[in-house]
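Tertiary structure, described
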Amino acid sequence: MQRPGRDYITAMHRFANPARFVRLADRLLPWIISVAVICFALGGYFAIFSSPADYQQMETVRIMYIHVPSAWMSMLTYIIVAVASFTGLVWRHPLAFLTAKAAAPIGAALTALTLITGSIWGYPTWGTWWEWADARMTSVLVLLFLYAGYMAMWQMMDDFDKACRATSILALVGVINIPIIKFSVDWWNTLHQGASIVRSGGPTIHSEMQLPLFLMIIAFHAWLIALLLKRVKLELDRRKVAVMQQSLASGLAHQLAPAPEKLEGQ
Amino acid sequence: MGLMRVFAAVVRRDMKLAWSQGGAGGLSIGFFVIAISLFPFGIGADKDLLARIAPGTVWVVAMLAGLISLDRLYQADFEDGSLDGLLLSPLPVELLVLAKTLAHWLAIILPLALMAPLAALLLNMTADGLLWLAVSFLVGTPTLSLLGSVGASLTVAIRRGGVLLALLILPLYVPTLIFGTGVVLAAESGADPTPALALLGAVSLISLIVSPLASAAALRMAAE
Amino acid sequence: MKIESDILLSGSNLASVRGGRVVYTGLNIQLMAGALITLEGPNGSGKSTLIRQLAGLLSLTAGTLQIAGLDVAEDPGARSDSLHFSGHTNGLKPAFDLATNLTLYSETVLGFRPNRSVLEAATASFDLAALLDTPIRYFSSGQQHRSALARLGLAHRPIWLLDEPTVGLDQANRDRLRTQIELHLAAGGGAIIATHDDLGIAGDILQMTEFRGGRDDPEAWLWD
C-alpha cells in the first residue's frame, strides 16, 4: 500500500533523517563548544589586555568586540531562518521548518544584544543612548520586530503544517530588510561609520584590533552553531511530544513511536 | 467574460462590501479623524509644536486607521465561505489578491489620503507641506494595502489574529513611514523632496511584486 | 468547457493527510457523464476533504487527477470552467439582496454577468424567485442554504461537487434538489455528492472507509 507521507518527503529525507541528525549533532557538539570556549577566552584576553584603546573612544571601544560580531550574527541568523524556510517550502521536509523555528530566538537574542551593546558603546561616544535618524540602528530595531512577529506567529497557530508554511512565507517577506541593514550605512551618512571589514580595499581597522575581533567572530559562529544544534534537537523532541499527545487524544497509536522511556533526555 | 472583467468585478464587489453594513470603510475614516484630534488635546495647542509633528502624526494615524480595516480583507470571506468560491474563480489567486488590494486602496485608503491634508491643516502644517503630503500619500499608501494584504492573508485563519496582524505588518511599514514623512519634511525645510519620493515609490513597487506572491501562497494554504 | 469523452473526472491513487493523520489513501474515482457518485462514510472519513481536493481547494498529496480530460497538475486553472462547488458554508453577504449576491458570485466565480431572467430561472428551481430583492439577512438558514444551491442553475457546468447539500432542507426542498440533480444528470452532467441522507437517485456509492489511512503515519519521520 502506498505511503502518502513519502510523496511529500522526497530524497532530501535521507539526508535530513532526524536520528542521523541527532547522532551527528551529538558527535560534533563537544568539538564546537570547545572551539567556542577557547576563542571566547583568547579573544576576551586580547580584547581586554592587548589591544589598544582607541584615542577617541577610549576603553568603551572594547564593547565593539561583542557588538560587531553579534550584529553580524543577528543578520546571519535571519538568513538561516529564511534559507531554512525556503528549503522547507520547496522540498517540504519538516526538519527544515524546525531549524528555522529553532534559529529565530537565537537571532532575536543576538539582535537585542547588538542593540544594547551598541547603545552602551554609543552613549559616551555620541552622547545619546539612541539615535532614531541612524539608518542602521533603526533597521536593526526593525529586524528585532521581524523576529518577534515570526516567533509570535509560531506561538499563535494551532495546526503544525500550516504554521510551518505561514511562518516561512513571513520569513521570506522580511528578508529584504537584511540588504537594507547592510547597505544603509552606505546610503545614509549618519552616525555609523562606513563598512570597515568587508570592503574591496581590505579591512581598515587597526591591525592589533583585528586579531581579537577575528577570534570573537569565530567564537560567536561556533557558539551559534552549537546553540542551533541543541535547539533543533529540542524542537524535534517538542514535536514528538506534541504528536504523541495528539495521538493519545485521537485514540490512534503512532505505530512507530518508541515507548516514552526511550526518549532522549536532551 | 475575459479575465480583466472578472478582475474588475472583484474590485467592484470588494468596494461595495467595504462601504456596506459590516464593512470597515466608515470605521477607518472615523478612527482617523478622532485619533488625529486627540493629538492637540493631548499635546497642547502650541501651534509650532503641532506643525513640527504633523507630517509623522498624519502618516502614523493613517497607517493605524488602515490597519483596522485590514483584518476584514480576507477574514470576512473566509468565515462565510466566499473565499472558497473566489479561489475557484478563473482568476489566478495572485490577480485575485491584487484585485482585493486595489479595492481596499480605493475604498478605504484613498479616502484617508484625501482627508490627510485636512487633518494636517488642523495640525497647522504649512502650504508646501500640505501639497507634498498629498503627493507622498498617493505614492506611498498603496504599500499599506499591499503589505497589509500579506499580513491579513497570513493571519486569516487565526483566532483574534488582528493583534498578530499589527505586529507583523507595522515593521514592514517602517520604510514607507520614514520616506513618506521624509518627503514632507524635505519640502517644508526647502530641500528637494524628490529623492525621498523616489525611494517611497521604489518601496511601493517592491511591495507590488512581493504582496501578490506571498498573499496568494498564504490564502491557498489557509483554504486547505 | 466542452467535454469530448464520457469521462468527466478521473482520479487515481488520491490521498490526503490532514493534521498529521492520513485521511484516505489509494483512492480511485471516476465520474462518467450522466452519473451520480455518492460519498458515504462516518464523520472524519474524508468526504468533505475529497470534495475539496477534487475542486482544487486542497492540493494533491499523491496520485493524479484529470478533469475534463486535462491533468490538473499541468493545467491548474483549467478546471474552473468545469465545475460547480457547494460547501458547508453558504458564502452569502447578509448586507446584499439575493439578486446582488447571485450576480456577484456569477461575475467573480463563474465569469459572466447574468441578466434578470437567468436569476429568476435559477431561483425558481428552489422557490426563491419572490425573494430576489430581499436582503439575505432576513433569510432563514434554510432559505440561505437554498440560495447557495440556486447558484447551480446560474450556468451549466458538467461536474457538480456538493458537500452535504441537503442539510437544513425540508422534504419539499429536498425534492426540489433531487429534481435539479436529475435534470443535470439527464443533460449529460455528473455529480459527486457527500451526504448522510438518501437522495433517492440511482447511482454509485463510494465508501470512504475502504480507503482509510490505517497504519500509515506521516509523522513517522520523527522516529526514523
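Residues numbered from 1 in each chain as written. Chains lettered and ligands numbered in written order. Predicted model: local features only at pLDDT ≥ 70, side-chain atom pairs only at ≥ 80, totals over all residues. Heavy atoms only, no water.

1. Looking at empty space enclosed by the protein
Here the structure, examined in full by the defined rule, presents six cavities of 30 Å³ or more. For the largest cavity, the calculated volume is near 260 Å³. What lines the largest cavity is a set of 21 residues, and nearest its centre among them are Ser82 of chain B together with Asn90, Gly91, Tyr105 and Arg151 of chain C. Within the residue set of the lining of the largest cavity, elements represented by two or more residues are α4 (82–87) of chain B together with β6 (83–86) and α2 (98–110) of chain C. It is α2 of chain C that provides the largest number of residues to the lining of the largest cavity, a total of five residues. For the lining of the largest cavity, the class distribution of residues is seven nonpolar, 10 polar and four charged. (1 Å grid on protein atoms, 1.4 Å probe; cavity = no way out; pocket = protein on both sides within 12 Å on 5 of 7 lines; lining within 4 Å. Points joined across faces, edges and corners; volume = space filled by probe spheres on them. Helix = DSSP H or I, 4+ residues; strand = E, 2+ residues; numbered from the N terminus. Nonpolar A, V, L, I, M, F, W, Y, C, P; charged D, E, K, R; others polar.)

2. Observations regarding the packing of aromatic side chains
Residues and elements named next belong to chain A. Under the definition given, this model contains five aromatic pairs over all chains. Seen from their ring centres, Tyr78 and Tyr147 are 5.5 Å apart, and the 75 degrees between their planes marks the pair as edge-to-face. Here Tyr78 is found in helix α4 (residues 64–91), whereas its partner Tyr147 is found in helix α6 (residues 135–156), with 69 residues between them in sequence. The residues Tyr78 and Tyr147 share a single accessibility class, namely buried. Plain terms: the ring middles of Trp154 and Phe160 are 6.0 Å apart, the flat faces sit at 40 degrees to each other, and that makes the pair tilted. (Phe/Tyr/Trp six-rings, centres within 6.5 Å; stacked < 30°, edge-to-face > 60°. Buried < 20%, exposed > 50% of the residue type's maximum accessible area, 1.4 Å probe, protein only.)

3. Examining the sheet that holds strand β1 (residues 7–18) of chain C
All names here are of chain C. Taken in spatial order, the four strands make up an open sheet running β2-β1-β4-β5, and their pairing is antiparallel. The sheet is open, and its two edges are formed by β2 (21–32) and β5 (70–71), each paired on a single side. Where β1 meets strand β4 (residues 62–67), five bridges bridge the pair, whose relative direction is antiparallel. Within β4, the residue paired with Ser12 across the bridge is Thr64. Here helix α1 (residues 47–55) sits on the sheet in contact with β1, β2 and β4, set at roughly 125 degrees to β1. (Pairing = 2+ DSSP bridges. Contact = heavy atoms within 4.5 Å. Axes fitted to C-alpha atoms, helices over the stretch in contact; angles between N-to-C directions.)

4. Focus: the interface of chain B and chain A
Interface size is commonly expressed as the accessible surface area that is lost when the partners come together. With 22 residues of chain B in contact, the opposing surface of chain A contributes 18 residues. Across the chain B/chain A interface, buried area totals approximately 1,800 Å², and carbon plus sulfur atoms make up 82% of it. One can count two salt bridges joining chain B with chain A. Between Arg159 of chain B and Asp158 of chain A there is a salt bridge, with the nearest N and O atoms lying 3.1 Å from each other. Between the two partners, chain B and chain A, sit three residue pairs in polar contact (both at pLDDT 80 or more). Among the secondary structure elements, those contributing two or more residues to the side of chain B that touches chain A are α7 (142–154), α8 (161–188) and α9 (194–223) of chain B. If you tally residues by element for the side of chain B that touches chain A, the top one is α9 of chain B, at eight residues. Class assignment for the residues of the side of chain B that touches chain A results in 18 nonpolar, one polar and three charged. (Buried area = accessible area lost by both parts, 1.4 Å probe. Salt bridge = Lys/Arg side-chain N within 4 Å of Asp/Glu carboxyl O. Polar contact = N/O pair within 3.5 Å; in protein donor to acceptor, adjacent residues only side chain to side chain.)

5. Focus: the confidence of the model for chain B
Residues at a pLDDT of 70 or more form 100% of chain B, whose mean pLDDT is 91. Across chain B, the secondary-structure element scoring lowest on mean pLDDT is helix α2 (residues 25–43) of chain B, at 88, and the one scoring highest is α7 of chain B, at 95. (pLDDT = per-residue confidence, 0-100.)

6. Some remarks on the interface of chain B and chain C
Taken together, the contacts link 26 residues of chain B with 24 residues of chain C. The junction of chain B with chain C conceals about 2,100 Å² of combined surface from both sides, 59% of it contributed by carbon and sulfur atoms. If you look at where chain B meets chain C, you find four salt bridges. Where chain B packs against chain C, one counts nine residue pairs in polar contact (both at pLDDT 80 or more). Elements supplying a minimum of two residues to the side of chain B that touches chain C: α1 (3–18), α3 (47–80), α4 and α9 of chain B. It is α1 of chain B that provides the largest number of residues to the side of chain B that touches chain C, a total of seven residues.

7. With respect to the layout of surface pockets
Residue and element names in this part refer to chain B. Within this model, the second largest pocket holds a volume of roughly 1,500 Å³. Among the elements that take part in the lining of the second largest pocket, α8 stands out by supplying 12 residues, more than any other. Taken together, the residues of the lining of the second largest pocket break down into 36 nonpolar, 10 polar and two charged.

8. Remarks on the pairing of β2 of chain C
Regular strands place side chains that alternate from one sheet face to the opposite one. Here eight bridges tie β1 of chain C to β2 of chain C, and the two strands are oriented antiparallel to one another. If you follow Ser16 of chain C over to β2 of chain C, its bridge partner there is Tyr24 of chain C.

9. Here we look at the packing of helix α5 (residues 94–126) of chain A against α6 of chain A
Residues and elements named next belong to chain A. The interhelical angle for the contact between α5 and α6, taken along N-to-C directions, is 150 degrees, at an axis separation of 9 Å. Classed by the angle they form, the pair α5 and α6 counts as roughly antiparallel. Seen along the crossing, α5 lies across α6 with a hand that is left-handed. Contact residues: α5 offers Phe97, Ala100, Lys101, Ala104, Pro105, Gly107, Ala108, Thr111, Ala112, Leu115 and Trp126, while α6 offers Met137, Val140, Leu141, Leu143, Leu144, Tyr147, Tyr150, Met151 and Trp154. (Parallel < 35°, antiparallel > 145°, perpendicular 65-115°, else oblique. Left-handed = near helix turned anticlockwise from the far one by under 90°.)

10. Quick word on the nonpolar core
Of all hydrophobic cores here, the largest spans 157 residues; its most connected members are Phe32 of chain B together with Ile29 and Ile192 of chain C. Per-element tally for this core: the top contributor is helix α9 (residues 207–250) of chain A, with 13 residues. Setting aside chain neighbours within four positions, we find Ile29 of chain C in contact with Leu9, Ser10, Gly11, Leu14, Ile37, Leu50, Leu54, Ile192 and Leu206 of chain C. If you look at the next biggest cluster of nonpolar residues, it comprises 30 residues, including Leu98, Tyr105, Leu169 and Ile193 of chain C. (Core = buried A, V, L, I, M, F, W, Y, C linked by side-chain atoms within 4.5 Å.)

11. Concerning a nonpolar patch on the surface
The grouping of Ile116, Ile120, Tyr123 and Trp129 of chain A at the surface amounts to a nonpolar patch, some 420 Å² of accessible area in total. Position of Trp129 of chain A relative to the elements: it lies in the loop between α5 and α6. (Patch = residues over 30% accessible without salt bridge, like charges linked within 9 Å, V, L, I, M, F, W, Y side chains within 5 Å. Areas by Shrake-Rupley, 256 points an atom, 1.4 Å probe, with all protein chains shown as cover.)

12. Quick word on unusual backbone geometry
In this structure, Asn124 of chain B takes a positive phi of about 75 degrees despite not being glycine. Here Asn124 of chain B shows up in the loop between α5 (93–122) and α6 (127–140). Phi is positive for Asp127 of chain C, close to 60 degrees, though the residue is something other than glycine.

13. Considerations on the packing of α3 of chain B against α8 of chain B
All names here are of chain B. The contact between α3 and α8 brings their axes to 9 Å, and the two run at 150 degrees. In terms of axis orientation, α3 runs roughly antiparallel to α8. Of the two elements, α3 crosses α8, and the hand of that crossing is right-handed.

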